[in-house]
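# Tertiary structure, described
The chain contents come next:
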Amino acid sequence: MSYPYDQPGYPGQYGQPPPQQYPPPGQYQPPQGQYPPPQGYPPPHGSPYPPAGHYPPPQGSPYPPAGQYPPPQASPYPSQGAYPPAQPYGAPPNQGYGPPPGPPPGQYGAPPPQQGYGYPPPQNSGPPTAPSLGYGPPQIIQWDATPDAQALRSAMKGFGTDEKTLIRVLSSKDPLQIEAIKSAYFRTFSRTLEKDIISETRGWFETGLVAIVRGPLLHDVHLLNSAMDGPGTKEKVLNDVLLSRSNADMRAIKSIYQHTFHRSLESDVKGDLSMKTERHFLIVLGANRAEDSAPVVPQAIDQDVMELYRATEGKVGTDEMMVCSILSTRNDNQIRAINHAYEQKFRRRLEDVIKKEFSGHMEQALLFQLRNAVDKYMHAASLLEDAMAGMGTKDHLLVSRVVRYHWDRQMMANVKGAYQQRYRRSLASRIKGETSGDYERLMLGCLGEPV
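Now for a description of the structure that goes with this document. (Residues numbered from 1 in each chain as written. Predicted model: local features only at pLDDT ≥ 70, side-chain atom pairs only at ≥ 80, totals over all residues. Heavy atoms only, no water.)

## Re the overall build of the chain
Scanning the chain for helices and strands turns up 19 helices and zero strands. Within the chain, the fraction of its 451 residues that count as buried is 55%. With the model as given, the accessible surface of the chain reaches about 19,200 Å², and the carbon-plus-sulfur share is 53%. (Helix = DSSP H or I, 4+ residues; strand = E, 2+ residues; numbered from the N terminus. Buried < 20%, exposed > 50% of the residue type's maximum accessible area, 1.4 Å probe, protein only. Areas by Shrake-Rupley, 256 points an atom, 1.4 Å probe, with all protein chains shown as cover.)

Here it is, written out as structure tokens:
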């Protein structure tokens, strides 16, 4: 059975947003099934979330930044101490695995003293986080890609190129559909879609199309390779690709990097980063994060908070590796709870402590890990603004970030909502002001805007 891609009801259909996909200003609603409060933004008075003033500082926003993750209704442990009352703060979202079991003794926590730095967390209860779409084993989908393959060939055949067809066909597909189109294109025409696009297009428009056609995983490994190729390292690219990834995605990235460039990703990172930042990224590359299903245990959170304090404000000098290790091996829910508990206990934001105690690439990497856990949608919105702010647009970052978020329709919808909340204008209008021509139309197409 095959589904025409432009018909509603196709399970992987990517073109049009589902109803209420793009929330109007003030209605920033996270996707169903992730961590939304049932009532959407803003939470009602008496919400168990941390008070406003947490990261990121809301610019007149009516909701607390951490608003997209309500604890499940069934609390696996009693609330206590500095945690908000009624329900546990930062408990993991139900991601289709069923409610997480209660934590067994010895569950996730700080390392035993003899383990040292870079320790993996103890075994987590609950199943591992599934790979993101496009990062798992190859899948055959029941969908006929031949009409799209033919449309793409017609758009590039003969004199001139029909750029609008390229945008229409490619910007609205999910990773599995892109793979199906590439296979159909080669099978039908004995040509490689990526090579034809490179020969027929130019500039950032070409860069964006190639990023889409490679799919999220292959695009990631090419970004990493180019970021470490030649003098200097594009540190923001390394952060974007490697930080805050699931263990499954990280393993896929390392495997495909080795397969594509015949070198291990670890060896290239070692040759490219300075000592302590290198150690930080080697912890990240170890793919030893707590799985998303691992619960938040108040005692373990309190222990991590004290470890962070003793590693930073509580001593002369800074124990950088302890901070890197905790933020690189805890899951987002745990980091969110640590962030909240730290401010409750010491009346200082953990973000401010990191800014005071760290500098350079390590500071930026730690802030990335913290901010992504506290509010991934607002963090993504701020990364898009970062690519456009100041003198000249950092086009390589804008293209890679827009393409990265567009693979997940619900993610993109929420990033757009967060951007509107924070910057008081639509993301589409901001991108229009920084881009032009086919490049602009492709970026807007990835946003789900009509082009």
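Picking up after the structure, the text goes on.
## Brief notes about the pattern of salt bridges
All told, the structure shown has 26 salt bridges when counted by the stated rule. Here K236 makes a salt bridge to D386, at a shortest N to O gap of 3.1 Å. One end of the pair, K236, is in helix α6 (residues 235-242); the other, D386, is in helix α15 (residues 376-388), with 150 residues separating them in the sequence. By relative accessible area, which is 38% here, K236 ends up partly exposed. Classification of D386 as partly exposed rests on a relative accessible area of 25%. As a salt-bridge pair, D304 and R330 come within 2.8 Å of each other at their nearest N and O atoms. (Salt bridge = Lys/Arg side-chain N within 4 Å of Asp/Glu carboxyl O.)

## So, the layout of surface pockets
Over the atoms rolls a probe the size of a water molecule, and in doing so it shows where empty space is left. Computed from the structure, the second largest pocket encloses a volume of approximately 660 Å³. Contributing to the lining of the second largest pocket are 29 residues, with P138, Q139, P175, E179 and A180 lying nearest its centre. Broken down by secondary-structure element, the contributors of at least two residues to the lining of the second largest pocket are α3 (175-189), α5 (203-227) and α7 (247-261). In terms of residues, the lining of the second largest pocket owes the most to one element, α3, which gives seven residues. Along the lines of polarity and charge, the residues of the lining of the second largest pocket split into 15 nonpolar, nine polar and five charged. (1 Å grid on protein atoms, 1.4 Å probe; cavity = no way out; pocket = protein on both sides within 12 Å on 5 of 7 lines; lining within 4 Å. Points joined across faces, edges and corners; volume = space filled by probe spheres on them. Nonpolar A, V, L, I, M, F, W, Y, C, P; charged D, E, K, R; others polar.)

## What about unusual backbone geometry?
Phi at A287 takes a positive value of approximately 55°, unusual for a residue other than glycine. Within the secondary structure layout, A287 lies in the loop between α9 (275-285) and α10 (298-311). Note on A287: relative accessible area 7%, which makes it buried. If you check the backbone angles, R347 has positive phi at about 60° while not being a glycine. Turning to its location among the elements, R347 is positioned in the loop between α12 (332-346) and α13 (350-357).

## Regarding α9
Those residues of α9 that fall on the buried side of the exposure criterion are T277, E278, H280, F281, I283, V284 and L285. Where α9 is buried, its residues contact α6, α7, α8 (265-270), α11 (320-329) and α14 (360-374). (Contact = heavy atoms within 4.5 Å.)

## Things to note about the environment of I212
Note on placement: I212 falls in helix α5. Taking C-alpha positions, I212 is 9.9 Å from S172, a pair spaced 40 residues apart along the chain. Setting aside residues no more than four positions away along its own chain, I212 makes contact with L170, S171, I178, V403, H406, W407, L442 and C446.

## Observations regarding the packing of aromatic side chains
Counting across every chain of the model gives five aromatic pairs. Where Y419 meets Y423, the ring centres are 4.6 Å apart and the plane angle is 40°; that geometry is what we call tilted. One end of the pair, Y419, and the other, Y423, are both in helix α17 (residues 409-423), four residues apart, so they sit about a helical turn from each other. Residue class for Y419 comes out buried when judged on its relative accessible area of 0%. (Phe/Tyr/Trp six-rings, centres within 6.5 Å; stacked < 30°, edge-to-face > 60°.)

## What about the nonpolar core?
L170, L224, L242, I253, L265, V402 and I431 are the most contacted members of the largest nonpolar core, which totals 78 residues. With eleven residues, the single largest contributor to this core is α5. Once residues lying within four places of it in the same chain are set aside, the contact partners of L170 are L152, I178, I197, L209, I212 and V213. Counting 27 residues, the second largest nonpolar core, distinct from the first, contains V305, A311, M322 and M362. (Core = buried A, V, L, I, M, F, W, Y, C linked by side-chain atoms within 4.5 Å.)

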